[in-house]
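One-letter residues, chain by chain:
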Amino acid sequence: MLHGKRGVHLVVLHLVVGPWRIPWSFRVYRGKGSTSPAHLPCNLELVHKQMNDIAFTMPRLGKNCWAVELPCIPELLHEDTKLRNPKPGIGAGFIRKNSMI
């Protein structure tokens, strides 16, 4: 129910190009307090890699990790990237041997 009206409520995002309105995206409004379903890829293929002392996951195609458990990175790390302190893991942060800073 939205503003006292029952039925399907559709939110549409339009691109306006000159006199034309082009539908770009839409979402069905399900009501206050309800969550919209996230459309995650069903065939997300992951690659498990290790560089230096860091074990991580990468998507085989694309640059989105979606809801994959951390550490998931969209691009390869620099070869000189290491864990700041290996005991606590990624929570302690990262360092680069050849850092400019």
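Above: the structure in question.
Being a predicted model, the structure only gives us computed values, none of them experimental.

What counts, and at which threshold
Residues numbered from 1 in each chain as written. Predicted model: local features only at pLDDT ≥ 70, side-chain atom pairs only at ≥ 80, totals over all residues. Heavy atoms only, no water. Helix = DSSP H or I, 4+ residues; strand = E, 2+ residues; numbered from the N terminus. Buried < 20%, exposed > 50% of the residue type's maximum accessible area, 1.4 Å probe, protein only. Areas by Shrake-Rupley, 256 points an atom, 1.4 Å probe, with all protein chains shown as cover. Salt bridge = Lys/Arg side-chain N within 4 Å of Asp/Glu carboxyl O.

Caption draft 1: How the structure looks around the overall build of the protein. Counting secondary structure elements, the protein contains zero helices and six strands. Ordering the α and β elements of the protein from the N terminus gives β-β-β-β-β-β. With 101 residues in all, the protein has 17% of them scored as buried. Approximately 8,800 Å² of the protein is accessible, and the part contributed by carbon and sulfur atoms is 58%.

Caption draft 2: The pattern of salt bridges, seen in detail. Inspection of every chain in the model, using the stated rule, returns three salt bridges. For the salt bridge of E75 with K63, the shortest nitrogen-to-oxygen distance reads 2.7 Å. Of the two residues, E75 is situated in the loop between β4 (54-59) and β5 (81-83) and K63 in the loop between β4 and β5; the sequence distance between them amounts to 12 residues. Residue class for K63 comes out exposed when judged on its relative accessible area of 54%. One salt bridge in this structure joins R96 and D80, with 3.1 Å as the shortest N-O distance. Placement of the pair is R96 in strand β6 (residues 94-96) and D80 in the loop between β4 and β5, with a sequence separation of 16 residues. For R96, a relative accessible area of 37% translates into the label partly exposed. A relative accessible area of 13% places D80 in the buried class.

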